[in-house]
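Residue strings, one per chain:
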Amino acid sequence: MARKERRNVHERSAKLQRVVNLTLENPSVTLRVETLGAWLNVQLDAAQRILGRMVSAGLLREVQRGVFVAQSPC
C-alpha cells in the first residue's frame, strides 16, 4: 500500500519559488533565517534548510551565521 505524502509538495514548491524569485529580482536583498521563516510561515529549521539548499545551488552565500545574500556571478 502506498504511503500518503504528509507534505503539500505544491505549497512547498511555491514557497521555494517565491524565495528564488525574490533573490533573482532583488540581488541586494539580505535574508535571515528568522525573517524567511516568518515570511513563508515555516519553522526555523525549514527556513534554514531552504537557505542551505540555495547556498548549495550557488544562489546565495552566508555572510554571517544565519544571514544570507545573493551570490555574485563570477
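The coordinates are above.
Residues numbered from 1 in each chain as written. Predicted model: local features only at pLDDT ≥ 70, side-chain atom pairs only at ≥ 80, totals over all residues. Heavy atoms only, no water.

Trainee: What should I look at first to understand the environment of leucine 51 in this one?
Mentor: Its place among the elements puts leucine 51 in helix 3 (residues 44-56). Ignoring anything within four residues of it in the chain, the contact list for leucine 51 reads Leu31, Arg32, Val33, Leu36, Leu60 and Phe68. (Helix = DSSP H or I, 4+ residues; strand = E, 2+ residues; numbered from the N terminus. Contact = heavy atoms within 4.5 Å.)

Trainee: Got a minute to help me understand the pairing of strand 3 (residues 67-70) in this structure?
Mentor: The side chains of a regular strand alternate, first on one face of the sheet and then on the other. As paired elements, strand 1 (residues 30-32) and strand 3 share three bridges and run antiparallel to each other. By the bridge assignment, leucine 31 is partnered in strand 3 with phenylalanine 68. The pairing of strand 2 (residues 60-64) with strand 3 spans four bridges and is classified as antiparallel. Within strand 3, the position partnered with glutamine 64 by the bridge is valine 67. If you look at the hairpin formed by strand 2 and strand 3, you'll find two residues sitting between the two strands, and glycine 66 has a positive phi there, around 80°. (Pairing = 2+ DSSP bridges.)

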